[in-house]
Structures are given as structure tokens and as C-alpha cells.
Amino acid sequence: MATFLYKLGRFAFRRRHFVALMWVALLTLAGVGAASAPVAGASSFSIPGTEAQKAFDLLENRFPGMSADGATARVVFKAPDGEKVADHDNKATVEKAVKVLGTGSEVTSVDDPFKAHTVSKDGSIAYASVKYKVSGMELEDASKDALESAAQDARDAGLTVEVGGDALQATPETGSTEVIGIAIAAVVLVITFGSLIAAGLPLLTALIGVGIGVSTITALASALDLGSTTSTLAMMIGLAVGIDYALFIVSRYRAELAEGREREEAAGRAVGTAGSAVVFAGLTVVIALVGLSVVNIPMLTKMGVAAAGTVAIAVLIALTMIPALLGYAGRRVQPAGKKSRLLGGGRAAKKEGKPNMGTRWASFVVRRPLAVLLLGVIGLGAAALPATSLELGLPDDGSQPTSTTQRRAYDLLSDGFGPGFNGPLMVVVDAKASDAPKAAFTEVTDEIKGLKGVVSVSPAVPNKSGDTAMITVVPDSKPSSVKTEDLVHAIRGAGGEIKADTDATVLVTGSTAMNIDFSQKLNDALIPYLALVVGLAFLLLIVVFRSILVPLKAALGFLLSVMAALGAVVAVFQWGWLANLMGVEETGPIMSMMPIFMVGVVFGLAMDYEVFLVTRMREAYVHGEKPSQAIVTGFKHGARVVTAAAVIMIAVFSGFIGSSESMIKMIGFGLAIAVFFDAFVVRMAIVPAVLALLGKRAWWLPKWLDRALPNVDVEGEGLRALDEKRRDGDEDRELARV
């Protein structure tokens, strides 16, 4: 592989005009596609194979026209202190608001609180349910304006009015911190390279790669049903790996220049050596992201595949666009150890014989490996402790900031009707196979009324054909509580006996049941997903490092870092530690997809640093150095660059903590802290300590396996053989002259 990539790097350097034009053309094409594509609506949310999804599909089939996936709004009215909503003036205000709400072109129905009996027992709170034909993200601005206007008119009349539901769902914003993250990355690159030109190359190529990836996602969003979160995730990961991959190749290029090589040769060798590590690092990230498809949740699969495509683009750009731009930059990119005239007057950055920080740190670890190993493991173990109290769930209006009308409506409904009112359960009774559907509906209703934890059960509402009915059940606990989950399981358990008696099938759905099934499906998929991703990457790393223990150590180190990161996420988003600093206005359960998502993404990113750092050690060991000296050599050449790459990735991920969407905020923080733990504790401390303790055994591989594995030549042995052939050719020419 090294020889092929070497030739690719030299080709891109020589044919820089063609390569640059090709990538600019792709960026333009993707941009035009994104600009001309129809506006994507809200991404559909489905969980194939779950009971909640089966019930939802049955409702759409048996109750046509009810717009089961349409937006809803709950307009909550609260009378002034000492008054009731049924008082003459207050009632007139509510009825006027209901009349106005029903005039919208996208409205399918509005329930009058006084006719639908949706008034609290003390008479102080009432609500009107509004249903729409389309989803919240597809609602026209006119419908949203009419909803807000009706609420404001009622406020002006003296009532407290808040609006819950997804009708006023806002488009998430990432915030200005995303730009700050990129700015920090630029500063780190300038410090690392001592050159504005060299620092600008990774940023430029990363932005081009992300531009192509995100524009392509936008162009295909409507056709493939991709949500806004998909492009945000692709941008987040694409920026981080795009900068890092380019950083490694530019750094190796400068090192090759420092050894006296010509610029074209240096570009070829940089792509042949560091580029090999980039390819395998990118493969591990792609495997981890595409592997999310095993969970069989379409939304998660699309997010993973889209992000993986952006990573693949980042790899291709690093291998081709970087050497092309190095050709344009010429002598403005200085050899390693020298700074540009602007930043250092062209002088050497440090004395040749003085060991750098990476060398000094590695030498210390090699001398005290056991102490460093124990300190690192104990520290990560302590950080992981909060993960033992991990609570999973999906965000609802109760997790919104208290400044939002959705959260205030949620609190008013809880005060007036009980905490379970915000998460009603929809029980669907399929009596098509029953001889007495009405009797079946009655039996289900009576059975549910007798269950523990039920506040109210609405009468069964049958469809036109009378073979299916809906029953609304209000629990006495909030939607995200364990008691509500137990009630869902109890209803489903009672459904087995009912089916035996009446041949009617009982299914539980609704947003609360959907969340419960979603969390359960993710929990069930976590172990198989972990086995698949870690297993494939383990095999890949065996091929790269020609070792059994090094990949095993890499996988175990990853488990430490991901558990510590999950512990930090729980401490901030569930316990509330440093919540104000992170902009977390409301703590609550951790999103159900967070553990499996972090396992996938963090594993891929962790293997980046493993490949970049350990391949340098492997290269030194293969070329004859002792194991302990190979560790020091690997850190001498790689520690500074890996540190810069980690800081850049942390800065980019941290930039998304400013997002208004809780999911993106949590993912940004989780990935940033995971990279910190993995890069600076696992890869920079635990890895060299373990390798120092193992010695030569770290690089052991059974002979039969060594013969069976393909030789991918990450260390650049093929380039060394190429050098020898050239020297032999030069000597032959010299002898011919003599």
C-alpha cells in the first residue's frame, strides 16, 4: 500500500492543477445540488420490529385521515389566582381562542376544553388540543403565527397561556461556539507548524471535504428522508477527522523535507507513510459508523452512513488535495524544525540535540511504566463511576429549558392534571379476528382500569368498520419514570390473557411507549454492535501492526476511555455538575442512543490516535530499534502531532456544545471529553506503559498467522526497497562511466 500511495502522492503533486480542479468541481456540483434540491421535511422516526411501531402502523391503516404523524399543540389556559377558567369572562376568552385556532388551513381538529372536559378538578387550568395535517417541521409559518397570535390574544385578556407539543418546534441552532472551535483549531495548527501557510492547508481541505459531504447530504435530504441532525453530525465528525488527517500528512511532509528530500519526493513519501495510517484510521471510523446499521433504526443508520461518507471524503482529500496544495505552496512550507519568516524569521525552532517534550515524556513512562499504568487506569475508573447510575430516555417537553413555552405548558399540565398527563399511553385494540369486538373493547378497558399506576382510562374509540379501537390511558407518573415503563409492560402482559379470551390483539403505542421501545432496542443491540465493530477493527489492526497484543491493548484502552466519557456525560447532563458552564438548563435522563453512538464514534476516533502513534513505533521497531527505544522514537516523531490533533478535535467537538438541540449538545460534549481521555490518558500514557511492560512480546505474531495475513506495508518497507534500487542504479551508472 505504501508504494501505491507514494505514487499517488507524487502524481497529485505533479498534476496539482488537475487534482485541485477536480475537487473544486465536485464542491461546485454538490453545492448546486444542495441549492436546487427541494426543502427537506422532518425526518420520519420509526422503530421497525417494536410493538409501538406496529401499533402506529395499524392506526394509520385502520384510521385513515387521522394524520397520526401530524403535528399537535396543547394550548394551556390558566385563570388568574382566585378565579376559574369557567368564569364568564375567562370562558369567553378561551372559546374565542378555540374558534380562532380552528380556522387554519392545516388544522384538522380543535377540542373545546369545556366540551371535551379537559378542565382540571380545581377549575383553574384547561387545555385545547389542536391537530394538524402535517408534521411540526412541515408546518407553514402562517399556521405557527396563528397559533402564537391566538395564545397572545388570550394572554392580553388576562389569562396565562402556554403552548406545548411539537407544532412550535424550532429549527436547532449550533451557535457561535462552532466558529470558535474552528478558530482554536487554526491557532493550534499555527503553533504546531510555525507557519500560516502550512496551518491553512488542513483547514482548507477539511472545509472543502465537509462542504462536499454536507452539500451532498442536503441535496439528498428530501429523497432519502434525512433530518437536520444528520448533516450536523457529518459536519462535526468531518471537520475533526478532516483537519487531523491533513495534519498528519503535512507534518510528515515537513519531516521528510528536514531529511533533505526534494519536495515532490517528500510529498510522495508523506502520503506513502502517514497516508497509510490515514487510510486505516479512516477505515476504523467508517466501520464504526456504518456498523450503526445493525441496530436497525433507520434514523441512526442514515446518520451513521452519512457521517461515514464524509469521513471517506476526508481521507481521499488528505491523500490527493494535500500533496497538490503542497505543490502550490512550494518553499513557503518549511521543513520540520524551522518557522516561517513571519513567525520565526526562518530560524531553527530549537537546538538539534535537545530532546523534545514527547521524547522526555516517553522516556519517563518507559522508566516508570507500572506507576503510569496504575495511575491512568485508576483515574479513568474514577471518572467512569457516575456511569453506574446511568438513566436512559428520550427528551420531551419536560427536558426543555424553563424559559420555553413548551416547558411551561408541560409544568402547567402536570400541576392541573398530574405528572402522567404529559405522557399518555395509546392502547390499540385490534379485534378484527374477534367474534365480539365491542365486548373485547370493554374487557380491555376494564382490565386496564384495574392495573396499578393508572389515573384514568378513556372510553374506547372504534374506527368506522368497528374492528379496531383506541383507548387513552393516563399514568400517575411522569413519562420518563420507571413506574410508567412498568405500566406499559403490565398492559402488554395483560394483552396475552385478553387475546386468549377474545382473539383481540392489544398493542401499546404513543410517544412514551415509543421511547421505551426505542431505549430497549438500543440496549439489546449494544453488545452485538460492540462485538461487530471491535471485532472487525481488531482484525484490521492485526493486519496493520502484525501483532495480537497491540490490537487487544487498543480495544481495552478504548473501553476505559468510553466508560470514563459516559461517566462525565452522566455527571454533567444527569447530575448537573458544571451544568451552567456547559449551558445545560435542565438535567434529566441521558438520551437512549448516547451509549451506542459513543461506542461507535469514539472507537473509530480512538483508533485514529492508536494507528498514528503506534505505527511510528512499529516502523522504528521493524527498522531495528529495541522495543523501549522504539516507544521513545514513536513519541519523538508523533507526540507533538497527536497532541495537536487531539486538541483540534476537542475544540471542534466542543464548538457544538453551543447547539440549542440537546442531542447535539450532549454528543458534542461526550465526544470532546472522550477524545481528551483517550488521547491524553490512554494513548499518551497507558499505551506506552503497557508496551514498555510487554517489551518484544508486544510485537509477537504466530508464524502461521504472519504468513496468512496480507502485507499492507504501513511501515514503508516498499519505499526503502525502492531507495535501494535507485542507489543500485546510480552505482551501476557510475561504474559504467568509469
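Up top you'll find the structure we're talking about.
Nothing here was measured: the structure is a model prediction, and the numbers come from that model. (Residues numbered from 1 in each chain as written. Predicted model: local features only at pLDDT ≥ 70, side-chain atom pairs only at ≥ 80, totals over all residues. Heavy atoms only, no water.)

Caption draft 1: Helix H21 (residues 594–622), seen in detail. The end-to-end C-alpha distance of H21 is 40 Å, a good match for the 42 Å that 29 residues give at a rise of 1.5 Å each. The largest bend in H21 amounts to roughly 25 degrees and is located at Val614. Of all the 29 residues making up H21, 27 are buried; the element is thus mostly covered by neighbouring parts of the structure. Note on H21: the residue one or two positions beyond its end, Gly624, has a positive phi of about 110 degrees. (Helix = DSSP H or I, 4+ residues; strand = E, 2+ residues; numbered from the N terminus. Expected span 1.5 Å × (residues − 1). Bend = angle between axes of the 7 residues up to and from the residue. Buried < 20%, exposed > 50% of the residue type's maximum accessible area, 1.4 Å probe, protein only.)

Caption draft 2: Looking closely at unusual backbone geometry. Of note, His117 is a non-glycine position whose phi angle comes to about 60 degrees, a positive value. Checked against the element boundaries, His117 lands in the loop between helix H5 (113–116) and strand E3 (125–132). Judged by its relative accessible area of 68%, His117 falls in the exposed class. The phi dihedral of Asn296 falls on the positive side, at around 65 degrees, and the residue is not glycine. Looking at the secondary structure, you find Asn296 in the loop between helix H10 (263–290) and helix H11 (298–329).

Caption draft 3: Quick look at the packing of aromatic side chains. As enumerated under the stated definition, the model contains ten aromatic pairs in all. An angle of 20 degrees between the planes, with centres 4.7 Å apart, marks the rings of Phe417 and Phe421 as stacked. Relative accessible area serves as the criterion here: at 11%, Phe421 is assigned to the buried category. An angle of 80 degrees between the planes, with centres 4.7 Å apart, marks the rings of Phe558 and Phe603 as edge-to-face. With a gap of 45 residues between them, Phe558 in helix H19 (residues 549–574) and Phe603 in helix H21 connect regions that are remote in the sequence. Here the two residues Phe558 and Phe603 agree in accessibility, since each one is buried. The rings of Tyr127, Phe417 and Phe421 are connected pair by pair, giving a single aromatic cluster. In this arrangement the basic side chain of Arg16 is found over the ring face of Phe13, its NZ or CZ atom lying 5.0 Å from the centre. For the cation-ring pair, Lys91 lies above Phe114, with the distance from its terminal atom to the ring centre recorded as 5.2 Å. (Phe/Tyr/Trp six-rings, centres within 6.5 Å; stacked < 30°, edge-to-face > 60°. Lys NZ or Arg CZ within 6 Å of the ring centre and 35° of its normal.)

Caption draft 4: Geometry of the pairing of strand E1 (residues 72–78). Of the pairings in the sheet, the one linking E1 to E3 comprises seven bridges and is antiparallel in character. What sits directly across from Val75, in E3, is Ala128. When E1 meets strand E4 (residues 160–165), the two strands line up antiparallel, connected through six bridges. What sits directly across from Phe77, in E4, is Val161. (Pairing = 2+ DSSP bridges.)

Caption draft 5: Just the side chain of Thr50, in detail. Examined against the element boundaries, Thr50 turns out to sit in the loop between helix H2 (16–36) and helix H3 (51–62). Since its relative accessible area comes to 8%, Thr50 is described here as buried. Among the polar contacts made by the side chain of Thr50, one reaches the main-chain carbonyl oxygen of Ile47 at a distance of 2.8 Å. Once you skip the residues sitting within four places of it in the chain, Thr50 turns out to touch Asp517 and Lys521. (Polar contact = N/O pair within 3.5 Å; in protein donor to acceptor, adjacent residues only side chain to side chain. Contact = heavy atoms within 4.5 Å.)

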